[in-house]
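Reading the structure
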Amino acid sequence: MFRSSNEAPLPLDFDSESILIICPHCCGKFEETISRLKYEPRLSCHYCEKYIDVNLLELHGALESVRKSTHDLLKKLLSTDK
Ligand SMILES: [Zn+2]
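Throughout what follows, the structure given in this document is the object of discussion. Since this is a predicted model, take the numbers as computed values, not measurements.

**Quick word on the environment of lysine 38**
Mapped onto the elements of the fold, lysine 38 is located in helix H1 (residues 34-39). For lysine 38, a count of 15 C-beta atoms within 10 Å translates into the label partly exposed. Separated by 21 residues in sequence, lysine 38 and leucine 59 place their C-alpha atoms 8.9 Å apart.

**A short note on unusual backbone geometry**
Although it is not a glycine, cysteine 27 sits at a positive phi angle of roughly 65°. Residue position: cysteine 27 is located in the loop between strand S1 (18-22) and strand S2 (29-33). Given 10 C-beta atoms within 10 Å, cysteine 27 falls into the exposed group. Residue glutamate 49 is not a glycine yet carries a positive backbone phi of 65°. For glutamate 49, the location among the structural elements is in the loop between strand S3 (42-44) and strand S4 (51-53).

Quick notes on the rules
Throughout this description, residue numbers start from 1 for each chain and increase along the sequence as written. Residue-level local features of this predicted model are given only where pLDDT is at least 70; pairs of side-chain atoms are given and counted only at 80 or more, and the full residue set underlies all totals for whole chains, interfaces and linings. Segments assigned H or I by DSSP are reported as helices when at least four residues long, segments assigned E as strands when at least two residues long, and all are numbered from the N terminus. Residues are called buried when their C-beta atom has 20 or more other C-beta atoms within 10 Å, exposed when it has 12 or fewer, and partly exposed otherwise; all C-beta atoms are positioned from the backbone.

Remember that the coordinates give geometry; whether it matters functionally is a separate question.
This is the structure we're talking about:
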């Protein structure tokens, strides 16, 4: 049996997550993984094939808010007093 050795030990690794990209040229929507955006912040639209520059600062800001809400969610899930 062959198993991948680079399995993420924590569920809070967003690199393999996909986020929704909305093309500013044609408003086409498609998903791209976060790791791909980190290494290649410039991507071409799946529909009109024009280039989209991803604002990495905004991406990191979005990830930070996801992290925060995930943290809040975990706190809610782990709290026993309902
Ligand atoms: Zn497009």
